[in-house]
Amino acid sequence: MSNLKRIYINEVSPRDGFQNEAIFIPTENKIAFINQLSASGFHKIEVSSFTSPKAIPALRDAEMVMHEIQRNPNVIYSALVPNLRGAERAIECKVDEINLVMSLSETHNIANLRMTREQSFAQIKAVIDAVQGSDVAINLSFSTVFGCPMEGDVSEETIEFWIDRFAQHSVKQITLCDTTGMAYPAQVKRIFSKTQEQFSNIAFTAHFHNTRGMGLVNALAAAEVGITSFDASLGGLGGCPYAPGASGNVSTEDLVHMFELNGLTTGVDLNNVIAIAQTLPGIIEHDISSQVSKAGLRDKKHGIPDHVNQFIQTLNS
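Residues numbered from 1 in each chain as written. Predicted model: local features only at pLDDT ≥ 70, side-chain atom pairs only at ≥ 80, totals over all residues. Heavy atoms only, no water.

1. Brief notes about the packing of helix H4 (residues 84–92) against helix H6 (residues 117–131)
Selection rule: Axes here refer to lines fitted to C-alpha atoms; in helices the fit is confined to the stretch in contact. Angles between the N-to-C directions go from 0 to 180 degrees. Helix numbering and strand numbering both begin at the N terminus, where a helix is a DSSP run of H or I of at least 4 residues and a strand a DSSP run of E of at least 2. Each helix crossing is assigned a hand: it is left-handed if the near helix lies turned anticlockwise from the far helix by less than a right angle, otherwise right-handed if that turn is clockwise. When checking whether two residues touch, look at their non-hydrogen atoms; a contact exists if any pair is within 4.5 Å. Residues are grouped as follows: Ala, Val, Leu, Ile, Met, Phe, Trp, Tyr, Cys and Pro are nonpolar; Asp, Glu, Lys and Arg are charged; all remaining types, including Gly, are polar.
Following both chains from N to C, one finds H4 and H6 inclined at 35°, their axes separated by 9 Å at the closest point. Crossing of H4 over H6 shows right-handed handedness. Contacts between H4 and H6 pair Leu84, Ala87 and Ile91 from the former with Ala126, Val127, Ala130 and Val131 from the latter. Split into classes, the residues belonging to the contact of H4 with H6 amount to 7 nonpolar, no polar and no charged.

2. A look at unusual backbone geometry
Apart from glycine, the bulk of residues carry a negative phi angle, and the bulk of peptide bonds sit in the trans form. Where we set the bar: Burial classes: relative accessible area under 20% of the type maximum marks a residue as buried, over 50% as exposed, and values in between as partly exposed (1.4 Å probe, protein chains only).
Positive phi, close to 60°, is recorded for Arg114, a residue that is not glycine. In this fold, Arg114 is placed in the loop between helix H5 (106–113) and H6. Even without a glycine there, the phi angle at Glu285 is positive, about 65°. Assignment of secondary structure puts Glu285 in the loop between helix H12 (280–284) and helix H13 (292–295). Take Glu285: its relative accessible area is 60%, and that puts it in the exposed class.

3. Here's the deal with the nonpolar core
This is how it is decided: Joining through side-chain atoms within 4.5 Å is the link that ties buried Ala, Val, Leu, Ile, Met, Phe, Trp, Tyr and Cys residues into a set, and such a set is a nonpolar core.
Ranked by internal contacts, the top residues of the largest apolar core, which has 86 residues, are Phe142, Phe230 and Phe259. Apart from the residues lying within four places of it in its own chain, the contact partners of Phe259 are Ile7, Ile9, Ala219, Leu220, Ala223, Phe230, Leu264 and Thr266.

4. What to know about empty space enclosed by the protein
Definition in use: The method works on a 1 Å grid over the protein atoms by themselves. A cavity is a set of points holding a 1.4 Å probe that cannot get out, a pocket is an open set with protein on both sides within 12 Å along at least five of seven lines, and residues with an atom within 4 Å of a point line them. Grid points are joined across faces, edges and corners, and a volume is the space filled by probe spheres set on the points.
Summed over the entire model, instances satisfying the criterion amount to 1 cavity of 30 Å³ or more. Estimated volume of the largest cavity: approximately 30 Å³. If you go around the largest cavity, the residues you meet are Glu156, Ile159, Glu160, Arg190, Ile191, Lys194 and Thr195. Those elements giving two or more residues to the lining of the largest cavity turn out to be helix H7 (156–167) and helix H8 (185–198). Per element, the largest residue contribution to the lining of the largest cavity is 4 residues, and it comes from H8.

5. Quick look at the pairing of strand E3 (residues 76–80)
Regular strands have side chains that alternate between both faces of the sheet. For clarity, the threshold we go by: Strand pairing is assigned whenever DSSP identifies at least 2 bridges connecting the two strands. Crossovers are described as right-handed under a simple rule: with the strands pointing away from the observer, the path leading from the first strand over the helix to the second runs clockwise.
For E3, the buried fraction is high: 4 of the 5 residues fall into the buried class. As judged from the 5 bridges shared by strand E2 (residues 44–49) and E3, these two strands associate in the parallel manner. The residue of E3 that forms the bridge with Ser48 is Ala79. Once you follow E2 into helix H3 (residues 62–68) and on to E3, the crossover reads as right-handed. Direction of pairing for E3 relative to strand E4 (residues 97–103): parallel, over a ladder of 3 bridges. Along E4, the bridge assignment pairs Ser78 with Glu97.

What follows is the structure in C-alpha cells.
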C-alpha cells in the first residue's frame, strides 16, 4: 500500500442512507445536508434515487433535490436509476452519473428487484444503450458480491461472468458491494486482485457494510491491493432489509480517519464531516453508529482531572 497515495471517497448517505429511514426527511433538510457535503472534499455524492415514489417514498423528492442543490464543479453528482424511465428523469435533472444496480445472487435479485438476473441485465442494457454517447457517466453496482444471506457465497466464476458481460457493453465503472456485511479481508483481497488483473480497463469501487464489524478492515484490505475508490455513508447510515441485524454502511468519518492515519490522502475535511455527522441524529431522529463522531479524532486531548493535578502538585512539593 506504500505506493498508494490518494483515496477517493464517494458519499452515499443522501441516497443509501436516507432511503432506509422510517421518517420522511424534509426536502429542504436534504438540500442543506448535501450542500454541506459538497463543501467537504468528497469525490462523488450519490444524491438520490429516481425510483418510483411508491417503491421508495423517502426519496420522492429526487427531482427537486437535484435541481436545488448548489453544485461544486469538483464533485460528481450521482443518482441511482432502476430503469429507462428513471434514467430519463435523472438526465433531465442533469446528473453527472447514473448508478445502475443488480444482484449477483439470483435469489437476492428477485427479493430486492423482483426480477431475475437476466431480466435485470436486459433492463440495464436498455439504459446503457440510451445513455451511451451522452455526457452522463455510467456506474454499475453489483450487490451480494461477497455473499448472499439466502444462497451463501457467490462463486468467483459468477462474479467474472457478469463483469465480463457488462464490460462487453462498454461499462467502465463497476462497484463491488458487500451488501449484507459478509465479506472478510482475505476474500476481499482475492476478489479485487483477480478482477483488477482480469479487467484492467474497468475502474472498480469498493462498497462495504459494517454488519459484522468488518467494514474498516475490509476497506483496508481492498486498499492494500490497489483499490482507490470507496463508497461510505456519513454516520454509518443505510443497510439492507435482507440482512437481519444489519448496522448499515461503513461510516464515512471512521473510514476517512483510518485512511488518513495510514498515510493515505482522501481530500475530505474530516473535522467538517464530523460536525455534519453530529447533526444527523436531529435530522433522522435516532442515534448514529459511527465511532469517530462520538469519540473524536485520535489526537483529541482531554483536560487533566483536578485530582490528578492535585496529586502531581503533591509530588512536586
